[in-house]
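Listed below are the residues making up each chain.
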Amino acid sequence: MTRQPALLDRPRSPTPPSPLDWLTLGDAFEAACLLRCTPPPTAARPHAGSAAPTPGVEFNREDAAQRMRQLLARLDIPVTHEVAVGGLRRRYELHRLWVPREHQGAYTRMLDAGWWQGRRELLGGPLPGASPARRRLVTRLAEAAWRSALLAAGRHVRRHILGVRLTDRELAAVLIRGAAVLDVPARLRPGTGCFLVSVSDGPDRQRILSSAALEPARGPAAARGPAGSPTRGAVVAPAGRAAC
């Protein structure tokens, strides 16, 4: 039996989606990166006699789930948040987010468009002569990619490096490029069934952590700045980041 492709695990459609405005693009790209950091939810993994999997995502960290909820709220996509507790001697939580059936099409289209458009902007630019607004956009996409990986990917922290483990080859390439945009050299090392992307301890690590800090929450109808960029306030560190 052929496995049904997981969300976003599919080729680009013959007809490219309409370009997203820059404010929406940043949120949709970050949500798509969060999704690519995680395996399909356990309840959605195919098995004999099962129906098509429900679009959703599963995190083992609450701050990652809350960030995904925040991004989807900005994109006007409702989501149900379920918390499951497991383990015996060592308890743990799984945070599952599910999109209602009537909104699954919009969810898939938005994150698909955000991923491909954001990936293209980040890997391809900014070109010489690009406007300051477009350069800020590329920087914001680089920050979003690293923020997603630090929240949701497998962490690999040693005294001399800050790293993340990924199973998605394309996301690994995006992180390498994103680090370069942030003026930080990053290394890619293939592992058994995964890729390790890392930066050195010291100034490089601090620049990545500072760039990946969360911005304050805003509503879906937030004010826009020049050229479609969001109006921003002070930056705060994401919850749980001290463990890095």
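Presented here is a report on the structure given in the accompanying data block. Computed from a prediction, not measured in an experiment: that's the story for all the values here.

A few points about the overall build of the protein chain
Part 1 of the reasoning: If you tally the helices and strands in the protein chain, you get 6 helices and 7 strands.
Part 2 of the reasoning: For the protein chain, the N- to C-terminal ordering of α and β elements is α-β-α-β-β-α-α-β-β-α-β-β-α.
Part 3 of the reasoning: Out of the 244 residues belonging to the protein chain, those deemed buried represent 46%.
Part 4 of the reasoning: For the protein chain, long-range pairs separated by at least 24 residues make up 68% of all intrachain contacts whose partners lie at least 6 apart in sequence.
Part 5 of the reasoning: Accessible surface computed for the protein chain: about 12,900 Å², of which carbon and sulfur atoms make up 54%.

Details of the sheet that holds strand 1 (residues 56-59)
Part 1 of the reasoning: With antiparallel pairing, 3 strands are arranged side by side in an open sheet as 1-3-2. In this open sheet, the two edge strands, each paired with only one partner strand, are strand 1 and strand 2 (80-86). On average, adjacent strands in this sheet sit at an angle of 20° to one another, irrespective of strand direction.
Part 2 of the reasoning: Strand direction decides the pairing type here: strand 2 and strand 3 (residues 92-98), joined by 7 bridges, are antiparallel. Looking across to strand 3, one finds that V83 is bridged to H95.

A closer look at the sheet that holds strand 5 (residues 161-166)
Part 1 of the reasoning: The strand order 4-5-7-6 describes an open sheet built from 4 strands, whose pairing is antiparallel. In this open sheet, the two edge strands, each paired with only one partner strand, are strand 4 (154-158) and strand 6 (187-190). Shown here is a sheet whose adjacent strand axes are inclined to one another by a mean of 25°, direction ignored.
Part 2 of the reasoning: Both strand 6 and strand 7 (residues 195-200) contribute to a ladder of 4 bridges, which runs antiparallel. Along strand 7, the bridge assignment pairs R187 with S198.

Focus: the nonpolar core
Part 1 of the reasoning: One finds F29, F59, M68, W146, V164 and L166 to be the most contacted residues of the largest nonpolar core, which totals 58 residues.
Part 2 of the reasoning: At 12 residues, the largest contribution of residues to this core is made by helix 4 (residues 132-152).
Part 3 of the reasoning: The contact partners of M68, leaving out residues within four places of it in the chain, are A31, L34, L35, V57, F59, L97, Y107 and L111.

A look at the pairing of strand 7
Part 1 of the reasoning: The buried fraction of strand 7 amounts to 5 of the 6 residues, a majority that puts the element mostly inside the structure.
Part 2 of the reasoning: Bridging between strand 5 and strand 7 involves 6 bridges; their strand directions are antiparallel. Bridging across to strand 7, L166 finds its partner in F195.

Some thoughts on the side chain of D112
Part 1 of the reasoning: By the element assignment, D112 lies in helix 3 (residues 104-124).
Part 2 of the reasoning: Taking relative accessible area as the criterion, D112 reaches 13% and is therefore assigned buried.
Part 3 of the reasoning: A polar contact of 3.1 Å, which involves the side chain of D112, links it to the side chain of W116.

Regarding the packing of helix 1 (residues 22-36) against helix 4
Part 1 of the reasoning: Look at helix 1 against helix 4: their axes get within 8 Å of each other, and the N-to-C directions meet at 25°. Between helix 1 and helix 4, the crossing angle belongs to the class labelled roughly parallel. The crossing of helix 1 and helix 4 is right-handed. Contact residues: W22, L23, L25, G26, D27, F29, E30, C33 and L34 in helix 1; A133, R134, L137, R140, L141, A144, A145, R147, S148, L151 and A152 in helix 4.
Part 2 of the reasoning: A class-by-class count of the residues in the contact of helix 1 with helix 4 yields 13 nonpolar, 2 polar and 5 charged.

Observations concerning the packing of helix 1 against helix 2 (residues 62-74)
Part 1 of the reasoning: Interhelical geometry of helix 1 versus helix 2 gives an angle of 145° and a closest axis separation of 9 Å. Helix 1 and helix 2 meet at a crossing whose hand is left-handed. For the pair helix 1 and helix 2, contact is made by D27, E30, A31, L34 and L35 and by A64, R67, M68, L71 and R74, respectively.
Part 2 of the reasoning: The residue inventory of the contact of helix 1 with helix 2, partitioned by class, reads 6 nonpolar, no polar and 4 charged.

Quick notes on the pattern of salt bridges
Part 1 of the reasoning: For the structure on display, the rule yields 10 salt bridges.
Part 2 of the reasoning: Here E30 ties to R67 by a salt bridge, and the two come within 2.7 Å at their closest N and O atoms. With E30 in helix 1 and R67 in helix 2, this pair connects stretches of sequence that are 37 residues apart. Residues E30 and R67 agree in their burial class; the two are buried.
Part 3 of the reasoning: With a closest N to O distance of 2.6 Å, R61 and D63 form a salt bridge. Summarising the burial analysis for this pair, R61 and D63 share the class buried.
Part 4 of the reasoning: Linked by salt bridges that have partners in common, D27, R74 and R140 make up one network.

Conventions adopted
- Residues numbered from 1 in each chain as written.
- Predicted model: local features only at pLDDT ≥ 70, side-chain atom pairs only at ≥ 80, totals over all residues.
- Heavy atoms only, no water.
- Helix = DSSP H or I, 4+ residues; strand = E, 2+ residues; numbered from the N terminus.
- Buried < 20%, exposed > 50% of the residue type's maximum accessible area, 1.4 Å probe, protein only.
- Contact = heavy atoms within 4.5 Å.
- Areas by Shrake-Rupley, 256 points an atom, 1.4 Å probe, with all protein chains shown as cover.
- Pairing = 2+ DSSP bridges.
- Axes fitted to C-alpha atoms, helices over the stretch in contact; angles between N-to-C directions.
- Core = buried A, V, L, I, M, F, W, Y, C linked by side-chain atoms within 4.5 Å.
- Polar contact = N/O pair within 3.5 Å; in protein donor to acceptor, adjacent residues only side chain to side chain.
- Parallel < 35°, antiparallel > 145°, perpendicular 65-115°, else oblique.
- Left-handed = near helix turned anticlockwise from the far one by under 90°.
- Nonpolar A, V, L, I, M, F, W, Y, C, P; charged D, E, K, R; others polar.
- Salt bridge = Lys/Arg side-chain N within 4 Å of Asp/Glu carboxyl O.

Functional significance is not addressed by these values, which are geometric in nature.
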